[in-house]
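Residue-level structure breakdown
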Amino acid sequence: MPGFVGLNNIKQNDYLNVVVHALAHVAPLRNYFMLENLSQRPELAQRFSILARKLWNPHAFKSHVSPHELLQEISLRSSKRFTLTNQSDPVDFLSWFLNNLHLSLGGSKTKPGTSIVQKVFQGRLKVESQAITARADASDRLRFEEAAEIKTDIVRFMMLTLDLPPKPIFKDEQDKNIIPQVPLTTILTKYDGLHSQELLGHRKRYRLLFPLPPFLTFHIKRFSQNKFVSERNPTIVTFPTRSLDMSPYVEPSPGQASGEPIWYDLVANITHESVTTTSGKKEGEMRSVYKVQLCNKASGEWVQIQDLFVEEVARELLFTSESYLQIWERRREGKGKGKRAQEDVRMG
């Protein structure tokens, strides 16, 4: 099927494959790179354009595509930060790739909305920050107090990071670790402007600003690094595939009717899996495997792609994997209202 074609994993480039597939299903971005003449643009934009056309070519005679030419340019342009021989983090790669695509298309470093990349993904966020100070009282005990002044900043984002609750340290009666579940709407409360987080001596609150971008990218933060070791949080995140209402996390605006929902539908879900190496020098070591789940809008079915392996996956089973990166598309006004939207909410 055009758009659902395997990509070669030359050695350790599965992190790139899943990101390329996800971006190739963001319709306005895909259409731009397939239809625009980019012959005068830098090599990075040209090679991504060629790869997108190969993925969506209805007359292809091979069931797979090689990203080798794009990989070569990425390795060169990133000073070998991203290569085909070393596995990188898809989140790090996506951030780098979007910023460099933006610049390759003539986008400005300071002026927002100057390329198709920012027009598709960039939104605004209100950040309230309040300092926390420690003072000793009469009994020489430390008391933590909030500074009276609240500093407010407006920042722009291309990706929203969602924090998982700490993983449990207890085991169940079968002496197995409990894998907890949390709804996506629960970890999204980070952006409702009410819940605060303490960070480097400051209490911070976040709120999304209207209008939201056409596409939202969520990074579900699974890895944390301390002084000794890198830890992975295996918490399962449950989510609907359609009709995610983002209005509770958006600052009310004169341009938005009060209480009116802002619907988003899932386009791509990148998952992480830890597996044990069974052969070679690193036998017995844990390694990461990344897969991407994509919606076939023509049929409403979902397809999972892991390098060259392409298979259908049941919509009800999507959340059983460790979601790591998600791309959601804002539903156009008037689309899916009424009975269809109510059915989606019930199914979600």
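This write-up is about the structure you can find in this document. Each chain carries its own residue numbering, running from 1 in the written order of its sequence. At least 70 in pLDDT is required for a residue's local features to be given in this predicted model, at least 80 for side-chain atom pairs to be given and counted, and no such filter applies to totals for whole chains, interfaces and linings, which use all residues. Neither water nor hydrogens contribute to the side-chain values; these are computed over all heavy atoms in the structure.

Remarks on helix H4 (residues 68–77)
Where H4 is concerned, the buried positions are Leu70, Leu71, Glu73, Ile74 and Ser75. The inward-facing, buried residues of H4 contact helix H1 (14–23), helix H3 (43–55) and helix H5 (90–104). Burial classes follow relative accessibility: with a 1.4 Å probe on protein chains only, a residue under 20% of its type's maximum area counts as buried, one over 50% as exposed, and anything between as partly exposed. Secondary structure counts use DSSP, requiring at least four H or I residues in a row for a helix and at least two E residues in a row for a strand, with both numbered from the N terminus. Note on contacts: a residue pair is in contact if any heavy atoms of the two residues lie within 4.5 Å.

With respect to the environment of Gly123
Mapped onto the secondary structure, Gly123 falls in strand S3 (residues 123–136). Spatially, the C-alpha atoms of Gly123 and Phe215 are 9.2 Å apart, while their sequence positions differ by 92 residues. With residues near it in sequence (within four places) discarded, Gly123 still touches Val155, Arg156, Phe157 and Pro213.

Some points on the pattern of salt bridges
Here, a salt bridge means any side-chain nitrogen of Lys or Arg that lies within 4 Å of a carboxyl oxygen of Asp or Glu. For the coordinates displayed, the defined rule picks out 12 salt bridges. Across the salt bridge formed by Glu128 and Arg205, the nearest N and O atoms sit 3.2 Å from each other. Placement of Glu128 in strand S3 and of Arg205 in strand S9 (residues 202–208) is noted, with a sequence separation of 77 residues between them. Both residues of the pair, Glu128 and Arg205, count as buried. Residue Arg232 pairs with Glu322 through a salt bridge whose shortest N-O separation is 2.4 Å. With Arg232 in strand S12 (residues 230–232) and Glu322 in strand S19 (residues 322–330), this pair connects stretches of sequence that are 90 residues apart. Judged by its relative accessible area of 27%, Arg232 falls in the partly exposed class.

Here's the deal with the packing of aromatic side chains
The aromatic pairing rule takes the rings of Phe, Tyr and Trp, using the six-membered ring of Trp, and pairs them if the centres are within 6.5 Å, calling planes under 30 degrees apart stacked, those over 60 edge-to-face and the rest tilted. Enumeration according to the criterion identifies 15 aromatic pairs in this entry. Ring centres of Tyr32 and Phe33 lie 5.7 Å apart, and the angle between their planes is 80°; this geometry places the pair in the edge-to-face category. Residue Tyr32 is classed as partly exposed on the basis of its relative accessible area of 23%. Summarising the aromatic geometry, the rings of Phe82 and Trp96 are spaced 5.6 Å apart at their centres and angled 55° between planes, so their arrangement reads as tilted. Here Trp96 lies in helix H5 and Phe82 lies in the loop between H4 and H5, a separation of 14 residues in the sequence. Accessibility expressed as a relative area gives 2% for Phe82, which makes it buried. Residue class for Trp96 comes out buried when judged on its relative accessible area of 11%. In this structure an aromatic cluster arises from ring pairing among Tyr15, Tyr32, Phe33, Phe48, Phe82, Phe93, Trp96 and Phe97. Charge-over-ring placement is defined geometrically: NZ (Lys) or CZ (Arg) within 6 Å of the ring centre, and within 35 degrees of the ring normal. The positively charged end of Lys190 is found above the aromatic ring belonging to Tyr206, 5.5 Å away from the centroid.

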